[in-house]
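# Survey of secondary and tertiary structure
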Amino acid sequence: MAMDDLHLETRAIHVGQEPDPATGAVVVPIYQTSTFAQSAPGQHTGYEYARTGNPTRTALQTCLASLEGTDAAVAFASGLAAEDAILRLLDPGDHVIMADDVYGGTWRQITRVHGRFGIQVSAVDLRDLDAVRAAIRPTTRYLWAESPSNPMLKILDLAALAQLGRDHGARLVVDNTFATPALQQPTSLGADLIVHSTTKYLGGHSDVVGGVVCTDAATAADLAFLQNAVGAVPGPFDNFLTLRGVKTLGLRMQRHCANAQRIATWLDEHPRVSAVHYPGLPDDPGHALAATQMTGFGGMISLRVAGGRAAAEHMCTQTRLFFLAESLGGVESLIEHPGIMTHASVAGTALEVPDDLVRLSVGIEHVDDLLADLERALG
Ligand SMILES: *Cc1c(COP(=O)(O)O)cnc(C)c1O
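Nothing here was measured: the structure is a model prediction, and the numbers come from that model.

### Quick word on the site of the ligand
Looking at the ligand, there are 15 residues lining it, with Gly 79, Asp 175, Ser 197, Thr 199 and Lys 200 nearest. In the model, a nitrogen atom of the ligand is placed 2.7 Å from a nitrogen or oxygen of the Asp 175 side chain. Here Lys 200 contributes a side-chain N or O atom positioned 2.7 Å from an oxygen atom of the ligand. Computed on the free molecule, the ligand has an accessible area of 380 Å², of which 92% lies beneath the protein chains in the complex. Considered class by class, the residues forming the shell around the ligand number four nonpolar, seven polar and four charged.

Written out as C-alpha cells, the structure reads:
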C-alpha cells in the first residue's frame, strides 16, 4: 500500500509514524537527547547531533511533507524562523512582492530585519494581477501570498499567481497557516514553497510554537543547511506535540469550518456588526474563488463593529468563552483586536487595518454556546 495513495486524514496519522523499531511503541517517542552515540568515528545511525537531526523532528517533517504533497519539509522553532530561512535563500538586492495584508510579523521581519541586508520588498494587493505584473522587477525572486489572508480574509488566485511568477522567474511562496493542507493544497495550484506557523491549526491546541517549510527536494536541502547552520530548531517535545495535534487535523478543520460558517452567517445579520469578512459567505468577494481552490472556508472570521474602535474594544472584553488573546487555530475560541494586538507593528504602513476590526478564531466548542457568548458580548 503506497502511502501517497491514502487520504489526508490517514496520512496525518501514519506517514513518518511507523511503530518504533526498537520497542514497537505506536507513538513516535520524544527523543530527548542532544547527541547520538557512534560505533566508530563517522559511523552513525543517520543522527549525530540534535540540531542537525532528531528522529521526532524527522517524523514530523515526513508527515507534513506528505500532507502538503511536497518532496520534503523542514521544521523550525517558529513560523517566523521558517520565514526567515526562506528569505535567507535570497541575496542582497533581491526583491520580494508581498501581499499587502500579510501577517504583521512577516512584514516586520522583511522590512526591519532582511531590509537591513539589502532585501527589497513591495506590498501589493495580490488580488490585482495587473498590479502584480507592474510591480515585478528583473530582481523579483518571490511572490509571497497568504490566502485566506490575516486579518482581512482576502482570497488570492494562487494558480494565477504561480503562473505569473513562473513567467517572470519568481517563485510563489504561500503562507498556508489559515487554510492548512486539510482545506487547501498550494502545491497542486503551482506554489513552490509552503510555509506554516504550526503554532496554529497544525499544532491545534495552543500549547506549542513552531514553523515549517514544505517544498521540493533541492530547496529543502538548502533550507536544511540553514536549519543546521543558523540553528532555529524546534525541540523534541515541541515536535511531539505538533505531531500529536496533526493527527486530528482533518476532524478539527471540519468542525472549525462548520462553526465559523454558522457564526459568520449570524454575525452578517447582526445590527451591531457593519461588515463580516468570511470566504464562506456567498456575497463575500472571495467566495467564488475560495470555492474553487479550497475544500472548506476555514475557522477565521473578521468583523467590523458598528460604533467604531471603542465598540470593537468593548466587544473584546465581554466574551467569556472566546478568550481575549493573540494567536489562532486552537481548539478554544479566541477574540482579538488586530489594530492594537497582532497587527500593531503595521500601524502607519500600507498594511494598517481598520480600528473597528475584531478577529475571531472560532474553536471547536458547541456552536450554540459560542453564539450565545457573542450575543452577550455584542448586546
Ligand atoms: C502566527 C503566524 C505567523 C508567525 O508564526 P509564529 O509561529 O508565531 O512565529 C506567520 N503567518 C501567519 C499567517 C500566522 O498566523
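The rest of the description comes next.
### A closer look at the nonpolar core
Ranked by internal contacts, the top residues of the largest apolar core, which has 100 residues, are Trp 144, Ile 263, Ile 301 and Leu 360. At seven residues, the largest contribution of residues to this core is made by helix 9 (residues 249-268). Looking at which domains feed residues into this core, each of domain 1 (3-246) and domain 2 (249-378) gives three or more. Sequence-distant contacts of Leu 360, defined by excluding residues within four places in its chain, comprise Ile 263, Leu 267, Gly 299, Met 300, Ile 301, Leu 303, Phe 322, Leu 334, Ile 335 and Leu 374.

### Some words on the confidence of the model for the chain
Residues at a pLDDT of 70 or more form 99% of the chain, whose mean pLDDT is 96. Mean pLDDT in the chain bottoms out at helix 4 (residues 104-113), which sits at 94, and peaks at strand 7 (residues 211-215), which reaches 99.

Scoring rules and cut-offs
Residues numbered from 1 in each chain as written. Predicted model: local features only at pLDDT ≥ 70, side-chain atom pairs only at ≥ 80, totals over all residues. Heavy atoms only, no water. Near = heavy atom within 4 Å. Polar contact = N/O pair within 3.5 Å; in protein donor to acceptor, adjacent residues only side chain to side chain. Areas by Shrake-Rupley, 256 points an atom, 1.4 Å probe, with all protein chains shown as cover. Nonpolar A, V, L, I, M, F, W, Y, C, P; charged D, E, K, R; others polar. Core = buried A, V, L, I, M, F, W, Y, C linked by side-chain atoms within 4.5 Å. Buried < 20%, exposed > 50% of the residue type's maximum accessible area, 1.4 Å probe, protein only. Helix = DSSP H or I, 4+ residues; strand = E, 2+ residues; numbered from the N terminus. Domains from an automatic or database assignment. Contact = heavy atoms within 4.5 Å. pLDDT = per-residue confidence, 0-100.

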